[in-house]
Structures are given as C-alpha cells and as structure tokens.
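Structural description and commentary
The lines below spell out each chain.
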Amino acid sequence: MNEEITQKVLVSVVVLTKNEEANIAQCLDSVRWADEVIVVDDLSTDKTVEIVKRYTDKLFVKKMDVEGRHRNWAYSKARNAWVLSLDADELVTDELRREISSVVNSNNYAAYAIPLRNYIHNYWVRYGGWYPASKVRLFQKAKFKYEEVEVHPRIIVDGKCGRLRSDIIHNGYPDIEHFLSSVNRQSTLEAVKWINTARKMNLALAIWRCVDRFFRRFVRKKGYRDGLYGFTVAFFDSLYQILSYIKYREMKLSQKEKGV
C-alpha cells in the first residue's frame, strides 16, 4: 500500500488458500487497512500457513469439498456486516480501498461487483471478455451466499447489486503452464458438477459451445487485440467445453460399469 493507513475500515476480508506461499504475503499486505482479515487454508503443504500467521490470528484450516459450501462457511466466520472476498493471488489497490471505505458506510446496495484486472505472466489481458470481468466480491454478509456446487457457483443476493470502478489486481497465471493447469482442473470440476446435478450433456452441444465460445471470445469481444495471448485464451476457453464433456462421459461410463 502506498498510503499510510490511519483508520481501519469496518470490513472483514476473507481469503481462501492452498499452497499459496508465492502470493499470500502480497495479498495480505494489500488489505492491512481492514478491521478483520480471515484466512481459510485448505491443508497447505508449503509455507502458506507460516506466512499467514505474520498477518492475522484469524486462521482456519479446513479441507475444501464443495466450493460454494466452503466459501459460505468461510464468510460465516466474519464479525463485520461487510465482507470482501479475495483469492490469494489477488491484490487490492489504494483506489479500491478508498472506494470500499466510502460505500460500506451506506446501505444503498446489498453487494458490489468489482472489476478484475487479470494477468498472464506480466501481460494484462484486456479483451476477450477478460476485462473488466466484474465479480461480486464486496457484500453484506447477511444478504449474500453462494450456490453450493463444486465449480462456478452462482451467487444469491438478497437486494440490489452496485458496481465499483477500481480494480482488483489478479496475478492468477504466472505463465501459460499455470493457465493450462487451471483449465484442466476446472474442466474436471465442471464434469463433476454435471454429474452431481444430473445435467444432460451430449457431444453436439459440447461442440456447439466450443465453436460459439471461441467466436465470442476472439471475434465479438475482440480477443484478437491481445495478440497471441488473446488467441490462447479464446482457444483454451473453447476447448474447456470439449474437455469437460470428455471427462463427463468417462465418469458416466465408470458409473455404469460399477452399476451406480
């Protein structure tokens, strides 16, 4: 933070971690202004917990099972009416801190969407739907919860949702290898969600989604303006649909073989 913090903002910052020793210090440094900082760690095996203890005593260790359920449990630990939800590879700018400090003193909205500035390596991906890509991250604890599913849980807000102008910095992908690992992990979780929710999927639909998503990312949302990174994001975002379907089919066949 570039400015000296003279007064705490009555917000509970909640951060989920798992093996985030490379990122967690920067994240927690950026929220020293918050009245409360809570970290819920998913059984890290690196130095994440050791680093967290330098910043807060509100550390909980809990294995993640279902993402939506895990997040709701984490938010329940907050003592303040307002919660700011962050991932360990995200940073809060001074501009966003000032904006948050202003809006939490009113009850005009139950929640606020915040723009995410996403980076792959040191490149800010501006197009293809990646910016501003606002997500609801600031909310009144009593009026917000996540759908309790494995991946991409939907939000449920009891009230109106506003928008902030300042960004969360998301250093989510130090390189393309990490980006591809994320696609692989998320597509597995997507297939599990389809199984658990009895979603009916077929190859034709998966192919259509694949083609449609590439067109929307690369052409309609101008991903081509990000050059090679824009093409890579659009291509693997579309491939995500096929990967999810293949994994879904494998899981269905495995269930059938086991007589489930």
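This text goes with the structure placed above it.
As a further point, take the pattern of salt bridges. With the rule as written, the count across this model stands at 18 salt bridges. A salt bridge links Arg213 to Asp237; its shortest N-O distance comes to 3.3 Å. With Arg213 in helix 6 (residues 203-220) and Asp237 in helix 7 (residues 227-257), this pair connects stretches of sequence that are 24 residues apart. For Asp237, the salt bridge goes to Arg217, with nearest N and O atoms at 2.6 Å. Here Asp237, found in helix 7, pairs with Arg217, found in helix 6; they are 20 residues apart in sequence, far enough to count as distant. Grouping residues by exposure puts Asp237 and Arg217 together as buried. In this structure, a network of salt bridges that share partners links the residues Glu67, Arg71, Asp87, Glu90 and Arg137.

Taking burial as the measure, the six residues of strand 4 (residues 82-87) include five buried ones, the bulk of the element. When strand 1 (residues 9-17) meets strand 4, the two strands line up parallel, connected through five bridges. Paired with Ser12 across the strands is Val83, a residue of strand 4. Where strand 4 and strand 9 (residues 135-140) come together, three bridges link them in antiparallel fashion. Note that in strand 9 the partner of Trp82 across the bridge is Gln140.

With their axes 8 Å apart at the nearest point, helix 5 (residues 176-196) and helix 7 run at an angle of 35° to one another. For the element pair helix 5 and helix 7, the recorded crossing hand is right-handed.

Here we take up the sheet that holds strand 12 (residues 161-163). Spatially, the seven strands line up as an open sheet ordered 3-2-1-4-9-6-12, and their pairing is mixed. Bordering the open sheet on either side are strand 3 (59-61) and strand 12, each of which pairs with just one other strand. Neighbour-to-neighbour, the strand axes of this sheet turn through a mean angle of 25°, independent of strand direction. Where strand 6 (residues 111-114) lies against strand 12, three bridges are found, and the strand directions are parallel. By the bridge assignment for strand 12, Tyr112 is matched with Gly162.

Here we take up the nonpolar core. If you look at the biggest cluster of nonpolar residues, it comprises 29 residues, and the most contacted ones within it are Val13, Val15, Leu84, Leu86, Ile100 and Leu138. It is strand 1 that provides the largest number of residues to this core, a total of four residues. Beyond its immediate chain neighbours, meaning those up to four positions away, Val15 contacts Ile24, Cys27, Leu28, Ile38, Val39, Val40, Leu86, Asp87 and Ala88. In terms of nonpolar packing, the next biggest core, distinct from the first, is built from 14 residues, Val14, Tyr75, Ala78 and Tyr146 among them.

Of all eight residues in strand 2 (residues 34-41), seven are buried; the element is thus mostly enclosed. Summarising the sheet, strand 1 and strand 2 pair through seven bridges and their orientation is parallel. Directly across from Val13, in strand 2, lies its bridge partner Val37. Once the chain exits strand 1 it traverses helix 1 (residues 24-29) before rejoining the sheet at strand 2, and the crossover so formed is right-handed. Across three bridges, the pairing between strand 2 and strand 3 is parallel.

Attention shifts here to helix 4 (residues 94-103). Listed as buried for helix 4 are Asp94, Leu96, Arg97, Glu99, Ile100 and Val103. At its buried positions, helix 4 is contacted by strand 1, strand 4, strand 5 (90-92), strand 6, strand 9 and strand 13 (168-173).

Another aspect to go through is the environment of Leu138. Positionally, Leu138 belongs in strand 9. Residue classification places Leu138 among the buried positions, given a relative accessible area of 0%. Along the sequence, Leu138 and Val103 sit 35 residues apart, while their C-alpha atoms lie 9.9 Å from each other. In this structure Leu138 touches Trp82, Val83, Leu84, Ile100, Val103, Val104, Ala111, Tyr112, Ile114 and Leu164, once residues within four positions along its chain are discounted.

Moving on, we get to the packing of helix 6 against helix 7. At their nearest, the axes of helix 6 and helix 7 sit 8 Å apart, and the two run at 165° to each other. Classified by the interaxial angle, the pair formed by helix 6 and helix 7 is roughly antiparallel. In this structure, helix 6 crosses over helix 7, and the sense of that crossing is right-handed. Along its contact with helix 6, which presents Leu203, Ala206, Ile207, Arg209, Cys210, Arg213, Phe214, Arg217 and Phe218, the element helix 7 presents Gly230, Phe231, Ala234, Phe235, Asp237, Ser238, Leu239, Tyr240, Gln241, Ile242 and Tyr245. A breakdown of the residues in the contact of helix 6 with helix 7 according to their chemical character gives 13 nonpolar, three polar and four charged.

Calculation criteria
Residues numbered from 1 in each chain as written. Predicted model: local features only at pLDDT ≥ 70, side-chain atom pairs only at ≥ 80, totals over all residues. Heavy atoms only, no water. Salt bridge = Lys/Arg side-chain N within 4 Å of Asp/Glu carboxyl O. Helix = DSSP H or I, 4+ residues; strand = E, 2+ residues; numbered from the N terminus. Buried < 20%, exposed > 50% of the residue type's maximum accessible area, 1.4 Å probe, protein only. Pairing = 2+ DSSP bridges. Axes fitted to C-alpha atoms, helices over the stretch in contact; angles between N-to-C directions. Left-handed = near helix turned anticlockwise from the far one by under 90°. Core = buried A, V, L, I, M, F, W, Y, C linked by side-chain atoms within 4.5 Å. Contact = heavy atoms within 4.5 Å. Right-handed = clockwise from strand over helix to strand, strands pointing away. Parallel < 35°, antiparallel > 145°, perpendicular 65-115°, else oblique. Nonpolar A, V, L, I, M, F, W, Y, C, P; charged D, E, K, R; others polar.

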